[in-house]
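Chains, contacts and geometry: an overview
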Amino acid sequence: MFKLEIIVREEKLEEVIEALGEVGYPGLSIASIEGRGQQKGLQEQFRGRAYTIPFLPKRKIEVLIRENDLERVKETVIKAARTGEPGDGKIFITPVVDVIRIRTGETGESAI
Ligand SMILES: Nc1ncnc2c1ncn2[C@@H]1O[C@H](COP(=O)(O)OP(=O)(O)OP(=O)(O)O)[C@@H](O)[C@H]1O
Ligand SMILES: [Mg+2]
């Protein structure tokens, strides 16, 4: 199993969630976050002065997936989240040791 932390543009959140549902992952968590990437936020000009917005609002989706679905889910997320402009976001992937469905006691992939 893997945990995907998917950081996306706010306006792409719904599209990514819908796409995850279509490939078999309706269960997920979301959060509103602030962050920055290699451009270190945003530099703007206003009335001839330069301003820096140090952190930009983004959305984060956390979803646990089965090992065999990794490639398909990655492709699905990229297709839904990508605009081609800076700030499209990232996918962080980490291995997961176990999952427990509290109601039933199921564990592992069948608990996802
Ligand atoms: N190295 C990182 N570690 C943790 N979070 C990151 C990292 N890079 C980016 N993020 C998070 O992802 C968000 C989007 O990053 P972004 O897509 O701008 O990455 P980037 O590396 O600057 O790529 P691009 O050049 O396409 O903009 C950031 O606002 C931040 O929340
Ligand atoms: Mg960036």
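Small disclaimer: the values here were computed from a predicted structure and weren't measured.

So, on to the side chain of Asp-69. Checked against the element boundaries, Asp-69 lands in the loop between strand E5 (56-65) and helix H2 (70-81). At a separation of 2.4 Å, a polar atom in the side chain of Asp-69 contacts the side chain of Tyr-25.

Of all residues adjacent to ligand 1, which total 14 residues, the nearest are Gly-35, Gln-38, Gly-87, Gly-89 and Lys-90. In this structure, Gln-38 approaches ligand 1 through a side-chain N or O atom, which is 2.7 Å from an oxygen atom. The side chain of Gln-39 places a nitrogen or oxygen atom 2.9 Å from an oxygen atom of ligand 1. Bound to the protein, ligand 1 loses 69% of the 610 Å² it would expose on its own. Elements with a minimum of two residues in the shell around ligand 1: strand E2 (29-35) and strand E6 (90-95). Residues of the shell around ligand 1, tallied by class, amount to 4 nonpolar, 6 polar and 4 charged.

Rules of the game
Residues numbered from 1 in each chain as written. Chains lettered and ligands numbered in written order. Predicted model: local features only at pLDDT ≥ 70, side-chain atom pairs only at ≥ 80, totals over all residues. Heavy atoms only, no water. Helix = DSSP H or I, 4+ residues; strand = E, 2+ residues; numbered from the N terminus. Polar contact = N/O pair within 3.5 Å; in protein donor to acceptor, adjacent residues only side chain to side chain. Near = heavy atom within 4 Å. Areas by Shrake-Rupley, 256 points an atom, 1.4 Å probe, with all protein chains shown as cover. Nonpolar A, V, L, I, M, F, W, Y, C, P; charged D, E, K, R; others polar.

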